[in-house]
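Structure assessment
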Amino acid sequence: MSDKKGIICVVACPLLEDELIHSMFTDPQPKRILVADNEHAVSIKRKMDARGMRYEMITEKEFFDRRDNIDREQYNIMILMNSLGLHAEPGDLKKKVEDDILRIGSSCDCISLYYGLCGNAMWDPVEWAKKKVDVPVHIFRGCDGEICDDCVGVAVSGTKRYLQLLKKHPGQLLVIPAMAENWEEFLQHMDMMQGASSMDMDKYDYMRWMFELCGYEFAVKIDTGLGDHDLYEVKSKELADSVGLKLIEGEPEFINRFSTDNMYEKSKAELPDA
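Structure report, in brief. Predicted, not measured: the structure shown is a model, and the values here were computed from it. Numbers given to residues run from 1 along each chain, matching the order in which its sequence is written. This being a predicted model, a pLDDT of at least 70 is required before a residue's local features are given, and a value of 80 or more before pairs of side-chain atoms are given or counted; all residues contribute to the totals for chains, interfaces and linings. Side-chain numbers come from the whole structure's heavy atoms, not from hydrogens or water.

Regarding the sheet that holds strand S7 (residues 173–175)
We count it as follows: At least two DSSP bridges between two strands are needed for those strands to be called paired. A run of DSSP states H or I qualifies as a helix once it reaches four residues; a run of E qualifies as a strand once it reaches two. Both are numbered from the N-terminal end. An axis is simply a line fitted to the C-alpha atoms; with a helix, the fit covers only the stretch in contact. Between two such axes, the angle follows the N-to-C directions and lies from 0 to 180 degrees.
Strand order in the open sheet formed by three strands is S7-S8-S9, and the pairing between neighbours is parallel. Edge positions in the open sheet fall to S7 and strand S9 (246–249), since each of these has one partner strand only. Here the strands of the sheet are splayed against their neighbours by 30 degrees on average, with no regard to which way each runs. Pairing analysis gives three bridges linking S7 to strand S8 (residues 218–221), with the strands arranged parallel. Along S8, the bridge assignment pairs Leu 173 with Ala 219.

A closer look at the pattern of salt bridges
So the rule is basically this: Each salt bridge in this description consists of a side-chain nitrogen of Lys or Arg and a carboxyl oxygen of Asp or Glu lying within 4 Å of one another. Here's how the labels work: a residue is buried when its accessible area is under 20% of the maximum for its type, exposed when over 50%, partly exposed in between, all with a 1.4 Å probe on protein chains only.
Applying the stated criterion across every chain, the model contains 19 salt bridges. Measuring nitrogen to oxygen at the nearest pair gives 3.0 Å for the salt bridge that ties Glu 249 to Lys 221. Separated by 28 residues along the polypeptide, Glu 249 in strand S9 and Lys 221 in strand S8 bring together distant segments of the chain. Residue classification places Lys 221 among the buried positions, given a relative accessible area of 3%.

Here we look at unusual backbone geometry
At Cys 118, a position not held by glycine, the phi torsion is positive, near 50 degrees. Its place among the elements puts Cys 118 in the loop between strand S5 (110–114) and helix H5 (125–130). One non-glycine residue with positive phi stands out, namely Ser 157, at about 65 degrees. Along the chain, the position of Ser 157 falls in the loop between helix H6 (151–156) and helix H7 (159–168).

Remarks on the packing of aromatic side chains
Here is the rule: A pair of Phe, Tyr and Trp rings is counted when the ring centres sit within 6.5 Å of each other, with Trp represented by its six-membered ring. The angle between the planes then sorts it: under 30 degrees is stacked, over 60 is edge-to-face, the rest tilted.
Taken as a whole and judged by the stated rule, the model has four aromatic pairs. Judged by centre distance (5.0 Å) and plane angle (90 degrees), the ring pair of Phe 63 and Phe 64 falls under edge-to-face. On the basis of relative accessibility, which here comes to 3%, the residue Phe 64 falls in the buried class. Ring geometry for Tyr 114 against Phe 140: centres 4.9 Å apart, planes inclined by 85 degrees, an arrangement best described as edge-to-face. Taken together, the residues span a long stretch of sequence, with Tyr 114 in strand S5 and Phe 140 in the loop between strand S6 (137–139) and H6 at a distance of 26 residues. Overall, Phe 140 belongs to the buried group, its relative accessible area being 0%.

Remarks on the environment of Ser 157
Basically, it comes down to this: Whether two residues touch is decided by their heavy atoms; if any such pair falls within 4.5 Å, the residues are in contact. By the criterion applied in these results, polar contacts are pairs of N or O atoms within 3.5 Å in which, for protein atoms, one can donate a hydrogen and the other can accept it, and in which residues neighboring in sequence qualify only through two side-chain atoms.
Residue class for Ser 157 comes out buried when judged on its relative accessible area of 2%. On a C-alpha basis, the gap between Ser 157 and Phe 254 in space is 8.7 Å, while along the polypeptide they are 97 residues apart. Discounting chain neighbours no more than four positions away, the residues touching Ser 157 are Gly 142, Cys 143, Asn 256, Arg 257, Phe 258 and Ser 259. At 3.4 Å, the side chain of Ser 157 and the backbone nitrogen of Phe 258 are in polar contact.

The structure is reproduced here in structure tokens:
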């Protein structure tokens, strides 16, 4: 990638922050990273600290409204982390991402959505944004050029490969590293947890009961190689043990970083040359 200048605004889900960190860390061009200071940024800050990456904290108001302290002759990445809980209601997630795009508007050179479709199967935020803002918007796409379904779709780079993986592991819980790290929050926002309040069970008993009811026996590790490997080992086992599943290894040949690399490279290519 050639050196660029200007601003990329990133709107991201915690389940895809490993992909963002990997791309920023492996890109040799010096960059100014600014992170909106909210409760959803705790994990990405910890991970950037672990890699020795330099970043600055700004308010959400500064993320959306303030650009007078940004040198557009430099390469700038501004990051807004959203709540993982938005996945519980696809309509709420869709509205939040659309609102974020509109609030950012044309104040940057590119908007990068670190999301998959996440249940909004008929929604193309890129096409939607073309009619709303004057800057390009990018989202993860697979090897076939189609938008990735979700974070596992990003890990395997596309729907076709995702379907092949599901055929290998029908009725099994697929676990990428970021999901393992956030498993309690992730599972409690799944559709199947909506009945927990009506049952006389704690959340772990309820999860075990629901997985057994649905015929789930295994949790399958989909190791992207991103993030903290040791933490992934610990947290994926913790997840499986807590919900009564047997932890097994997924096939490494399914892992593909095309979507991760392509997302970052396409977004950065939208910026002017330095």
